[in-house]
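Topology and contacts: notes
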Amino acid sequence: MKGILIHIILLFFLPAIIWGQKIIALTIDGSINPASAGYIHDAIKKANDENAGCLLIHLNTPGGLLKSTRNIVADIMESEVPVVVYVSPGGAHAGSAGVFITMAAHIAAMAPGTNIGAAHPVSGNGGIVDSTMNTKVTNDAVAFIRSIAEERKRNGEWGEAAVRNSKSIPEFDALQNNVIDLVAINEKDLLNKIDGRLVKTNTATITMQTKGVAIERMQMRFIEKLLNLLSDPNVAYILLMIGFYGILFELYNPSVLIPGIVGGIALILALYAMQSLPINYAGVALIIFAVILFLLEIKVTSYGMLTIGGVVALLLGSMMLVKKVPGLEFLRISWSVILSTTAVTTLFFLFVLGFGLKAQRLKPVTGIQGLLGSIGECILPISPTGTISIEGEIWNAISSSGNITAGEKVRVVAVDGLTLVVETA
């Protein structure tokens, strides 16, 4: 009788427990960087703390940093809650770092029209792995992906090919090659298909209960969104230029302060962003050299040569600033951003230079030089000396063209101490 009562209680309350569980879902749509690694870390912690049914990661990434990838994989491996990675929507790609993350998931799935592969290793500071470090880093990445595949009972040979040979395959080939567990049309189809599956986590074997369970969408915090935005090479480049120009304008006008403050903040943010990019320091040097040439243009009369040199240095430096990583084209600065920045810089300094040259051609309006060519009126006859009135002032004058009578107009042709040399106007 007691056993029957227990069964009746379980019959009524077990569905409430299952339906009370929730699924925490998040979306990674962009590069894998410290911001996205922190985002996933927080989501896994939240799922574990709240005893969620699983953590669902919608993944669409061209790749990212190996160091951030290792942090994400470590968090997934240590998670007490099943982590489901779903490469979606259609047209999405799990490239480079995305391969490691997908294969590390407790359940790996892909949507139709997606692909996975080309796992190029990129070092922790964003540098390209080449030259003498190529073999070492590649072998390390191969060992990493094989250990993941062995733990998750997936195809380690394909994982090695993805690292060494940049191999990439579509979703159904990935399913046939035991790279992923299933192909799902959409999120609902995925949750229906994984319902009832046995998943071994870090602490236990869990029966997935995902059909009809409530989904909580977890968003990035503001600071994570900001750091993720800063990881965009175009944003880093724009911040770098704003920083240089802010400091440049502050040097032109030392007491303004605002350009210097804005420039300093932008420069610090740019340096932070650049630590996760494959920066070519020759490009940085060329950009700094361009700024120096622009500064000298204001101080040195070069008739535009320094500005031309600065524009050329800026263009070349911008082109070289971020190294080219095969398969990771998303790390490149957009040509439209480079050309727009160079064009705006050129127009600005041509504008400044034009005003400078125009100012050099202007007739002096103050001091002794400002009197030359001025027209005045003779007050006392000049024969050969007398006095004139010019611009409201009385001056002693001497004639260079004979006697001048009172009331005649005169023109200043020279200055001799405090005496003006004039002629009849």
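Basis of the calculations
- Residues numbered from 1 in each chain as written.
- Predicted model: local features only at pLDDT ≥ 70, side-chain atom pairs only at ≥ 80, totals over all residues.
- Heavy atoms only, no water.
- Helix = DSSP H or I, 4+ residues; strand = E, 2+ residues; numbered from the N terminus.
- Buried < 20%, exposed > 50% of the residue type's maximum accessible area, 1.4 Å probe, protein only.
- Contact = heavy atoms within 4.5 Å.
- Pairing = 2+ DSSP bridges.
- Core = buried A, V, L, I, M, F, W, Y, C linked by side-chain atoms within 4.5 Å.
- Phe/Tyr/Trp six-rings, centres within 6.5 Å; stacked < 30°, edge-to-face > 60°.
- Lys NZ or Arg CZ within 6 Å of the ring centre and 35° of its normal.
- Salt bridge = Lys/Arg side-chain N within 4 Å of Asp/Glu carboxyl O.
- Axes fitted to C-alpha atoms, helices over the stretch in contact; angles between N-to-C directions.
- Parallel < 35°, antiparallel > 145°, perpendicular 65-115°, else oblique.
- Left-handed = near helix turned anticlockwise from the far one by under 90°.
- Nonpolar A, V, L, I, M, F, W, Y, C, P; charged D, E, K, R; others polar.

Notes on the overall build of the chain
Looking only at helices and strands, the chain features 14 helices and 16 strands. Split into buried and exposed, the 425 residues of the chain put 45% on the buried side. Put simply, 65% of the contacts in the chain that link residues at least 6 apart link residues at least 24 apart.

Things to note about the pairing of strand β13 (residues 385–390)
Two elements, strand β12 (residues 375–380) and β13, share three bridges in a ladder whose sense is antiparallel. Residue pairing for β13: Leu380 is matched across the bridge by Thr387. Bridge count for β13 against strand β14 (residues 393–399) is six bridges, and the pairing is antiparallel. Directly across from Ile388, in β14, lies its bridge partner Trp395.

Things to note about the side chain of Thr201
By the secondary structure assignment, Thr201 is in the loop between β9 (198–200) and β10 (205–207). Dropping the residues within four chain positions of it, Thr201 is found in contact with Ser79, Glu80, Val81, Pro82, His106 and Ile206.

Some words on the nonpolar core
Core analysis: the biggest nonpolar cluster contains 52 residues, and Leu55, Phe100 and Ile116 have the highest contact counts within it. With residues up to four places along the chain from it excluded, the contact list for Leu55 reads Ile24, Leu26, Ala43, Ile44, Ala47, Val81, Pro82, Val83 and Val84. Residues Val235, Met274, Val337 and Phe349 belong to the second largest nonpolar core, which totals 31 residues.

A word on the packing of aromatic side chains
Per the counting criterion, the structure on display carries one aromatic pair. Judged by centre distance (5.3 Å) and plane angle (20 degrees), the ring pair of Phe100 and Phe144 falls under stacked. Of this pair, Phe100 sits in helix α4 (residues 97–104) while Phe144 is found in helix α5 (residues 134–152), placing the two residues 44 residues apart along the sequence. Grouping residues by exposure puts Phe100 and Phe144 together as buried. If you follow Arg70 out to its NZ or CZ, it ends over the ring of Phe144, 4.2 Å from the centre.

Looking at the environment of Leu269
Position of Leu269 among the secondary structure elements: in helix α11 (residues 258–274). In the structure, Leu269 is positioned 39 residues away from Leu230 in sequence and 7.6 Å away in space, judged by C-alpha atoms. Beyond its immediate stretch of four places on either side in the chain, Leu269 contacts Leu230 and Leu239.

Describing the pattern of salt bridges
Enumeration over the complete set of coordinates arrives at 14 salt bridges. Asp140 is paired through a salt bridge with Arg70; the nearest N and O atoms lie 2.6 Å apart. Of the two residues, Asp140 is situated in helix α5 and Arg70 in helix α3 (residues 66–78); the sequence distance between them amounts to 70 residues. Residue classification places Arg70 among the partly exposed residues on the basis of a relative accessible area of 30%. The partner of Glu377 in a salt bridge is Lys409, with the nearest N and O atoms 4.0 Å apart. With Glu377 in strand β12 and Lys409 in strand β15 (residues 409–416), this pair connects stretches of sequence that are 32 residues apart. Here Lys409 falls in the partly exposed class, since its relative accessible area comes to 47%.

A closer look at the packing of helix α10 (residues 233–252) against α11
Running from amino to carboxyl end, α10 crosses α11 at an angle of 150 degrees, the nearest separation of the two axes being 7 Å. With respect to each other, α10 and α11 are oriented roughly antiparallel. As for how α10 packs across α11, the hand of that crossing is left-handed. Only Ile258, Pro259, Gly260, Val262, Gly263, Ala266, Leu267, Leu269, Ala270, Ala273 and Met274 of α11 make contact with α10, whose side of the interface consists of Ala236, Leu239, Leu240, Ile242, Gly243, Phe244, Gly246, Ile247, Phe249 and Glu250. Within the contact of α10 with α11, the residues separate by chemical class into 16 nonpolar, four polar and one charged.

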